[in-house]
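Topology and contacts: notes
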Amino acid sequence: MVNFFRPQFYAMKVDPTLKYAWINIPKNASSFVQKALDDNKWNDVPDDLINSIAESPNIKKLVVLRDPVERWISGFAECWADHDNILDLLDSNTFYDTVQKNPVYDDHTEYQHRFIGKAQNLQYIYMQKNGINKFYKLLGAWIKRTGGFAEFDNYQNPTNPASNNPNKVAIVKKLSAYCKQDNNISNLHKKDYELLEQYEKFTN
């Protein structure tokens, strides 16, 4: 039985001492974290070792989590921004009926708990939309705790904001408005919200 849903690139990385690991969840600053860990000579984990490392109580794991609905909206925009007429689709009640059946389209919209699987000895950093500087500080502190270095503690802005793409902005605006009126999307992500209580939050 597969416990993980694995992204196509850098699903997991381990530090050179094999004491620490990072589980990648796309749309959760994954490209930034990957670059920071690469700078510290962390290594990609082969697919056939991911589950055993994740479930090992002897290896400390880190994952980045964010509000599940906010992430799903961002992921949907990432997935569909280049498709013609997507904004028209978002005006259709039938579209939202199909979302209730299955909100997952790719690894950007896959549920966060599916990337974590049965991981043990795991902490998370919570990434807030309006608290990106705090995220950088916490990530830097965690990397330094592993014996590495981080020179982005004082960064103030996202490195790849949705505002770079007008179509993404329009998609996010429409989906956000819908989700504020309808709790069904939140209900679909119940297990992801439970992660915030299930695992320990890294606070430095």
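See the structure above.
These remarks concern the structure in this document. (Residues numbered from 1 in each chain as written. Predicted model: local features only at pLDDT ≥ 70, side-chain atom pairs only at ≥ 80, totals over all residues. Heavy atoms only, no water.)

In this section: the side chain of Gln34. Mapped onto the elements of the fold, Gln34 is located in helix H1 (residues 30-39). Judged by its relative accessible area of 17%, Gln34 falls in the buried class. The residues touching Gln34, leaving out its near neighbours within four places in the chain, are Tyr10, Lys13 and Trp22. (Helix = DSSP H or I, 4+ residues; strand = E, 2+ residues; numbered from the N terminus. Buried < 20%, exposed > 50% of the residue type's maximum accessible area, 1.4 Å probe, protein only. Contact = heavy atoms within 4.5 Å.)

Here Arg66 is to be found in strand E4 (residues 60-66). Look past the residues within four positions of Arg66 in its chain and what remains in contact with it is Lys27, Asn28, Arg71, Ser74, Gln112, Tyr126 and Met127.

Once that is clear, we can look at the pairing of E4. By the criterion of burial, E4 is predominantly enclosed, with six of the seven residues buried. Sheet topology note: the strand E2 (residues 20-23)/E4 ladder contains four bridges and is parallel. Bridge pairing links Trp22 to Leu62 in E4. Pairing analysis gives six bridges linking E4 to strand E5 (residues 122-127), with the strands arranged parallel. Looking at the pairing, Val63 lines up with Tyr124 of E5. (Pairing = 2+ DSSP bridges.)

Moving on, we get to the nonpolar core. In terms of nonpolar packing, the biggest core is built from 23 residues, with Val33, Ile125, Phe135, Leu139, Trp142 and Phe152 touching the most fellow members. Breaking this core down by element, the ones donating at least two residues are E2, H1, E4, E5 and helix H7 (132-145). If one sorts the elements of this core by residue count, H7 sits on top with eight residues. If near-sequence neighbours (up to four positions away) are discounted, Phe152 is found in contact with Phe32, Ala36, Tyr136, Leu139, Gly140 and Ile143. Listed in part, the 21 residues of the second largest apolar core include Ala11, Leu65, Phe115 and Ala119. (Core = buried A, V, L, I, M, F, W, Y, C linked by side-chain atoms within 4.5 Å.)

Purely geometric stuff here, so don't read any function into it on its own.
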